[in-house]
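A look at the structure
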Amino acid sequence: MLTRSDRIDLFGDEDLEAGGLADRARMVESSEQKLKRGTDRIQESIRVANETESIGAGILETLSGQRQTMLRARDNLGEMDEDMTRSRGILSTMSRRVTMHRLIIYATLALFVTALLMMILFKAFRT
């Protein structure tokens, strides 16, 4: 047990009964205020964390939708590339056929002109 002199050494020379209680009351009140401020800060931090989580969830949802859109666009682009390749092949075949038909027409025309000239020459030398 502490004697009065020990208490004076520890707490200083003051009225231990009245001053000590007042100091304790102030310390308790100060501690309660600090605790309340700390609790308020924690609650504010929780609110900010919840708000941030909500915003993050919204962003993730938006990004997911954009990802789906980009995947569909990529798939459509692949299909269009296949269609373009097929169309290029069809156009190439059509171009070769047009060229072949022109050659046939020119050859036929040349034959007709040759046949006509031969008939004219044949009649000219026959008479």
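Up top is the structure these notes are about.
Residues numbered from 1 in each chain as written. Predicted model: local features only at pLDDT ≥ 70, side-chain atom pairs only at ≥ 80, totals over all residues. Heavy atoms only, no water.

This brings us to the overall build of the chain. Helix and strand content of the chain: 2 helices and 0 strands. In the chain, which comprises 127 residues, the share counted as buried stands at 1%. Carbon and sulfur atoms make up 64% of the accessible area of the chain, which totals about 11900 Å². (Helix = DSSP H or I, 4+ residues; strand = E, 2+ residues; numbered from the N terminus. Buried < 20%, exposed > 50% of the residue type's maximum accessible area, 1.4 Å probe, protein only. Areas by Shrake-Rupley, 256 points an atom, 1.4 Å probe, with all protein chains shown as cover.)

Within the structure shown, the criterion is met by 4 salt bridges. For lysine 36, the salt bridge goes to aspartate 40, with nearest N and O atoms at 3.3 Å. In this pair, lysine 36 and aspartate 40 are both assigned in helix α2 (residues 18-126), 4 residues apart and thus about one turn of the helix distant. Residue classification places lysine 36 among the exposed positions, given a relative accessible area of 53%. The salt bridge involving aspartate 83 is made with arginine 86; its shortest N-O contact spans 3.0 Å. Placement of the pair is aspartate 83 and arginine 86 together in helix α2, with a separation of 3 residues, close to one helical turn. Each of Glu44, Arg47 and Glu51 takes part in a single network of salt bridges with overlapping partners. (Salt bridge = Lys/Arg side-chain N within 4 Å of Asp/Glu carboxyl O.)

All right, on to a nonpolar patch on the surface then. On the surface, Ile105, Tyr106, Leu109, Val113, Leu116, Leu117, Met119 and Ile120 cluster together into a nonpolar patch covering about 840 Å² of accessible area. Along the polypeptide, valine 113 turns up in helix α2. (Patch = residues over 30% accessible without salt bridge, like charges linked within 9 Å, V, L, I, M, F, W, Y side chains within 5 Å.)

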